[in-house]
Amino acid sequence: MWKPPERIRYRTQPGEWPSAAVAGASKLFVPLDYQALSLSARTWVPAMVPWRATESGFVTPDNLDWYERFAYGQPGALVVEATGIRDTASGPLLRISDDRFIPGLQTLVERVRAASNGQTRLLIQLIDFLTVRRRPEPEKFFARHLKITDRHRDALQADDWSEDRIRKALTDLELEELKTILSPREFDSLCFGYRERITDTHMAHIADLPESLPTLFADAARRAQTAGFDGVELHYAHAYTMASFLSATNNRQDGYGGPIENRIRLPLEVYTAVRKVVGKNFVVGCRFLTEDCIENGSSTDDSSFFAQQFATAGMDFVSTSRGGKFDDAKQPIIGDAVYPYTGPSGYECIPGYLSDAFGPFGRNFAATAKVRTAIRSIGFDTPVVVTGGIHDFQQAQTLLESGTADVIGLARHDWFFKLRTGRGDEIRVCEYTNYCEGLDRKHKQVTCQLWDRTDLDEPGITRSRDNRRRLVAPQWQSD
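Keep in mind the model is a prediction, meaning the values are calculated, not measured. One numbering rule holds for all chains: residues counted from 1, following each sequence as written. Reporting in this predicted model follows two pLDDT cut-offs: at least 70 for local features of residues, and 80 or more for side-chain atom pairs to be given and counted; totals over whole chains, interfaces and linings ignore these cut-offs and use all residues. The side-chain values count all of the structure's non-hydrogen atoms but skip hydrogen atoms and water molecules.

Another point: the overall build of the chain. Across its full length, the chain carries 19 helices and 12 strands. For a compact globule the rule gives 2.2 Å times the number of residues to the power 0.38, and the radius of gyration it is set against comes from C-alpha atoms. Against the globule reference of 23 Å for 479 residues, the chain gives a C-alpha radius of gyration of 23 Å, in line with a compact fold. With the principal axes as the frame, the chain shows a C-alpha extent of 85 × 55 × 50 Å. Relative to its 479 residues, the chain shows a buried fraction of 56%. For the purposes of this entry, the term helix denotes a DSSP run of H or I that reaches at least four residues, the term strand denotes a run of E that reaches at least two, and both are numbered from the N terminus. Using a 1.4 Å probe on the protein chains alone, a residue whose accessible area is under 20% of its type maximum counts as buried, one over 50% counts as exposed, and one in between counts as partly exposed.

Here it is, written out as structure tokens:
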């Protein structure tokens, strides 16, 4: 993963934790009601992918244990991981692309309800993504994947050569030579692996995305409602389909790219289709980027406009993130797929303790404040969820009191519960080593280094596939 060249080492210093009385009186634990969204506290566990589903996308006992453990901490809201809306292979990632997935998701809802004593609203994040393939061996790329064209024949002066001879000749060339012979996309597929873009409108299924996606998202939202979820979070962030439509790099020529008004068309059409199916009493919001953090990408001016449009359309909340794009990702090793959190934009999304002068904490706060101000300026009170680098009470309270955001998100099990009961000194603060991100990159079951090797002899615990880590944090005893 890319790190800032300054490589300044930071440590979390949470300061003094509040008493139960002080914490209980803070804005963090004031209920929130806006349209369909009703929270017992302004606390939020954001979506994260723990890689615990089956290879075909079904809920497993490990999924149930994972979300139940978060629910014991009674956050105001808990968002289940990015869940695929298409029936396509994506590793051990949950799917909601067919009614056959509903029973498992219903069980998950029931487990969370029971563990939180009904205190936690449960949402599920809906995601679409395009095809990404692993970086190939050069020999396989030229033998199987490259379509030979006149461009290749002309460059090699090979008008009368057979395709096999051309493929062999290309295999023997150095990268610098290949760069002059292959098209930019062919060269990218060789070096990074094949990847579809939303701008590949010469392919029918890409051209048809504005026609197909509203229905796919709406059907997935209907299944979520049937399964008993309180709402859905539309995934409009990072490197995936919907964020790519919003991005300033989107130059589609069909009315869904180019000017900012065109780029937001599909995200609004998806939202409208979802709302029509689930009605006004089911929570619908989105997670989107304040900034792409790439060259020629979207800025806070773009995201402020997007947020105003989302609020005007009737979304029940917006949740902000930043970066995490394929555009600047690190080249994968042969056999791996490109991972969108390995470049500078990925660092903005998942910063670590080695950082620059700004540091790893709160890199999205100012941009989030601008987005919220833009929403308020047109008369809407749409709640804004902020995440990223939040680790102490005063930091969270200041974000709420300053008007930066309305809800505080962080992916910790008992953080909010310990804080509310005056046991903040028992909170184990994140060290920002990105240990969890390293597991995610390899599609390994995600755990935290603060607890995954604790009490490994505890009866009944489940372990990772390599048998070295526990998959669920030890239960905290609150007396």
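Here we take up the nonpolar core. Taken as a class, soluble globular proteins show a tendency for nonpolar side chains to be buried jointly. Formed by 85 residues in total, the largest nonpolar core has its most connected members in Leu 126, Val 232, Leu 234, Tyr 236 and Phe 310. Here this core takes seven residues from helix 10 (residues 209–227), the largest share from any one element. Here, nonpolar core means buried Ala, Val, Leu, Ile, Met, Phe, Trp, Tyr and Cys residues that are tied together by side-chain atoms lying within 4.5 Å of each other. With 16 residues, the next largest nonpolar core counts Ile 148, Leu 156, Trp 161 and Phe 187 among its residues.

Taken together, the side chains of Lys 3, Arg 7, Arg 9 and Lys 330 make up a positively charged region of the molecular surface. Summarising the element assignment, Lys 3 is placed in the segment before strand 1 (8–9). On the basis of relative accessible area, Lys 3 is assigned to the partly exposed category, the value being 35%. The patches described consist of residues with a relative accessible area above 30% and no salt bridge, like charges being joined within 9 Å and nonpolar side chains (Val, Leu, Ile, Met, Phe, Trp, Tyr) within 5 Å. The protein chains shown are the only cover counted for residues, whose accessible areas, like all others here, come from Shrake-Rupley with a 1.4 Å probe. Every case where a carboxyl oxygen of Asp or Glu lies within 4 Å of a side-chain nitrogen of Lys or Arg is listed as a salt bridge. In this charge count, Lys and Arg are treated as positive and Asp and Glu as negative; neither His nor the chain ends contribute. For this purpose, a charge sits on NZ of Lys, CZ of Arg, CG of Asp or CD of Glu.

Right, let's get into the state of the cysteines. For this text, the term disulfide refers to a pair of cysteine sulfurs within 2.5 Å. Tallied over the entire structure, the rule returns zero disulfides. Left unpaired, Cys 293 is separated from the closest cysteine sulfur, that of Cys 349, by 8.8 Å.

The next subject is the sheet that holds strand 5 (residues 77–84). The eight strands lie next to each other as 4-5-6-7-8-9-11-12, forming a closed barrel whose pairing is parallel. Taking each pair of neighbouring strands and ignoring which way they run, the sheet shows an average axis angle of 25 degrees. Where helix 3 (residues 102–115) meets the sheet, it contacts strand 5 and strand 6 (121–127), and its direction lies at approximately 145 degrees from that of strand 6. Here a strand pair is declared whenever DSSP counts at least two bridges between the two strands. For helices, the axis comes from a line fit to the C-alpha atoms of the stretch in contact; other axes are also lines fit to C-alpha atoms, and the angle between any two N-to-C directions lies between 0 and 180 degrees. The contact criterion used throughout is that any non-hydrogen atoms of two residues lie within 4.5 Å.

Quick look at the packing of helix 4 (residues 138–145) against helix 6 (residues 163–171) now. One can describe the packing of helix 4 onto helix 6 by two numbers: an axis separation of 9 Å at closest approach and a directional angle of 160 degrees. Considered as vectors, helix 4 and helix 6 are oriented roughly antiparallel to each other. Where helix 4 crosses over helix 6, the two elements pack in a sense that is right-handed. Contacts between helix 4 and helix 6 involve Glu 139, Phe 142 and Ala 143 from the former and Arg 167, Leu 170 and Thr 171 from the latter. When the residues that make up the contact of helix 4 with helix 6 are grouped by side-chain class, the tally is three nonpolar, one polar and two charged. Any angle that is under 35 degrees is reported as roughly parallel, and any over 145 degrees as roughly antiparallel; angles of 65 to 115 degrees are reported as roughly perpendicular and all others as oblique. Each crossing is labelled by how the near helix is turned from the far one, with a counterclockwise turn of less than a right angle marking it left-handed and a clockwise turn marking it right-handed. Residues are grouped as follows: nonpolar covers Ala, Val, Leu, Ile, Met, Phe, Trp, Tyr, Cys and Pro; charged covers Asp, Glu, Lys and Arg; every other residue, Gly included, is treated as polar.

Counting buried residues along strand 8 (residues 283–289), seven of its seven residues qualify, which places the element largely inside the surrounding structure. By the alternation rule, side chains of strand 8 split into Val 283, Gly 285, Arg 287 and Leu 289 and Val 284, Cys 286 and Phe 288, which are all buried. Pairing analysis gives six bridges linking strand 7 (residues 231–236) to strand 8, with the strands arranged parallel. Residue pairing in the sheet places Glu 233 in a bridge with Gly 285 of strand 8. Two strands pair when backbone bridges link them, and strand 8 and strand 9 (residues 318–321) are joined in this way by four bridges, in the parallel orientation. Paired with Phe 288 across the strands is Thr 320, a residue of strand 9. The path from the first strand over the helix to the second decides the hand: if it runs clockwise while the strands point away from the viewer, the crossover is right-handed. Read from strand 8 through helix 14 (residues 300–313) to strand 9, the crossover connection turns out right-handed.

So, about the pattern of salt bridges. Across all of its chains, the model carries 31 salt bridges by this definition. Taking the shortest distance from any N to any O, the salt bridge between Asp 200 and Arg 185 comes out at 2.6 Å. Placement of Asp 200 in the loop between helix 8 (184–192) and helix 9 (204–207) and of Arg 185 in helix 8 is noted, with a sequence separation of 15 residues between them. Given a relative accessible area of 32%, Arg 185 falls into the partly exposed group. Linking Asp 254 and Arg 252 is a salt bridge whose minimum nitrogen-to-oxygen distance equals 2.5 Å. Overlapping salt bridges bring together Glu 291, Arg 322, Glu 348, Asp 356 and Arg 363 as one network.

Moving on, we come to the packing of helix 4 against helix 8. The contact between helix 4 and helix 8 brings their axes to 9 Å, and the two run at 135 degrees. Accordingly, the angle class assigned to the pair helix 4 and helix 8 is oblique. Of the two possible hands of crossing, helix 4 and helix 8 adopt the one that is right-handed. Taking contact as the criterion, the partners of Pro 138, Phe 141 and Phe 142 in helix 4 are, on helix 8, Glu 186, Ser 189 and Leu 190. Taken together, the residues of the contact of helix 4 with helix 8 sort by class into four nonpolar, one polar and one charged.

In short, the description is geometric, and any link to function would need to be established separately.
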